[in-house]
Amino acid sequence: MDLTTLLACTIAMIRFRSLLILVGGGLLFLCSVNSSFAASKILVLGDSLSAAYQISPEEGWVHLLEEKLKACQAPYEVINLSRSGDTTREGLQKLPKALKDEQPNLVIVELGGNDGLRGLPILSVQSNLKKIIEIIQKDKAQILLLGMRLPPNYGQGYTDQFHAIYVKLAKDKDLAFFPFMLDNIALNEELMQKDGIHPKAEAQPQLLEEIWAYLAPLLKELPAGCCTLPPCSKR
């Protein structure tokens, strides 16, 4: 092989290697971009109020949240771990596996109502909720705590102590906190089912919008069109 041919082959090999490096770098860049756009996860840990009790699952506020996020192309996936009848004890039992499997960025905690309706000890409810919160915080996920109130027939002493659980934990743990998730709904008979505890399908859009006002400020990747309600629109 003469010198000219050898030089041409060497140049061709250098160009080929450069092309491989360029293509490889481009693939790495694309992988990096794709991973950066992976959907963040919102886990809902709740009871029948979040499990679409006695209505179609598609009518429940959690599904409506999922649809709202999709409609404005927000990069969030919603996982609903709510189950009718669950108490704080059941929530605490299934939380560690859920955090490991789903690795959520944010957890909406909606539990305690069944504890209160069963008249369970205040200290027990508080202890379970505190452990739930601490486990989530240890996992570095954000928390939105949805507070609950009981019907007055449970006695003022018990109902006041029950609601105070949420207020204290929200303050002590510095949580985003909706004091009463059925505010503006619970006392409206047209929006409540016959049991007086669960909202009708007609109430679910309003329920979502009231929760959304507390949830949206925690969602840092929301497109501008999604963030239209205060306090979200003021951040």
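Structure report, in brief. (Residues numbered from 1 in each chain as written. Predicted model: local features only at pLDDT ≥ 70, side-chain atom pairs only at ≥ 80, totals over all residues. Heavy atoms only, no water.)

## Some words on the overall build of the chain
1) Next: A tally of regular secondary structure across the chain gives seven helices and five strands.
2) Next: Reading the chain from its N terminus to its C terminus gives the helix and strand order α-β-α-β-α-β-α-α-β-α-β-α.
3) Next: Buried residues in the chain amount to 41% of all 235 residues.
4) Next: As displayed, the chain has an accessible area near 13300 Å², and 58% of this comes from carbon and sulfur atoms. (Helix = DSSP H or I, 4+ residues; strand = E, 2+ residues; numbered from the N terminus. Buried < 20%, exposed > 50% of the residue type's maximum accessible area, 1.4 Å probe, protein only. Areas by Shrake-Rupley, 256 points an atom, 1.4 Å probe, with all protein chains shown as cover.)

## Some thoughts on the pattern of salt bridges
1) Next: If you walk through the whole model with that rule in mind, you get eight salt bridges.
2) Next: Among the ionic pairs, glutamate 134 bridges to lysine 173, the shortest N-O distance being 2.8 Å. You can see glutamate 134 sitting in helix α5 (residues 122–138) and its partner lysine 173 sitting in the loop between α6 (156–172) and β5 (176–178), a full 39 residues away along the chain.
3) Next: On the basis of relative accessibility, which here comes to 34%, the residue glutamate 134 falls in the partly exposed class.
4) Next: For lysine 173, a relative accessible area of 22% translates into the label partly exposed.
5) Next: Where lysine 168 meets aspartate 172, a salt bridge forms, and the shortest distance between an N and an O atom there is 2.9 Å. Here aspartate 172 and lysine 168 lie together in helix α6, a separation of four residues that amounts to about one turn.
6) Next: Taking the relative accessible area as the measure of exposure, aspartate 172 reaches 48% and is therefore partly exposed.
7) Next: Bridged by salt links that share partners, the residues Arg83, Asp86 and Lys94 form one connected network. (Salt bridge = Lys/Arg side-chain N within 4 Å of Asp/Glu carboxyl O.)

## A closer look at the packing of aromatic side chains
1) Next: In total, this model carries two aromatic pairs according to the counting rule given.
2) Next: Summarising the aromatic geometry, the rings of phenylalanine 162 and tyrosine 166 are spaced 5.5 Å apart at their centres and angled 75° between planes, so their arrangement reads as edge-to-face. A residue pair is termed a helical-turn pair when its members lie 3 or 4 positions apart in one helix, as phenylalanine 162 and tyrosine 166 do in helix α6 at four residues. Comparing phenylalanine 162 with tyrosine 166 shows no difference in burial state: the two are buried.
3) Next: Here phenylalanine 178 and tyrosine 214 contribute two aromatic rings whose centre-to-centre distance is 4.5 Å and whose plane-to-plane angle is 15°, an arrangement assigned as stacked. One end of the pair, phenylalanine 178, is in strand β5; the other, tyrosine 214, is in helix α7 (residues 204–215), and 36 residues separate them in sequence.
4) Next: A cation sits over an aromatic face here: lysine 68 above tryptophan 212, 4.8 Å from the ring centre. (Phe/Tyr/Trp six-rings, centres within 6.5 Å; stacked < 30°, edge-to-face > 60°. Lys NZ or Arg CZ within 6 Å of the ring centre and 35° of its normal.)

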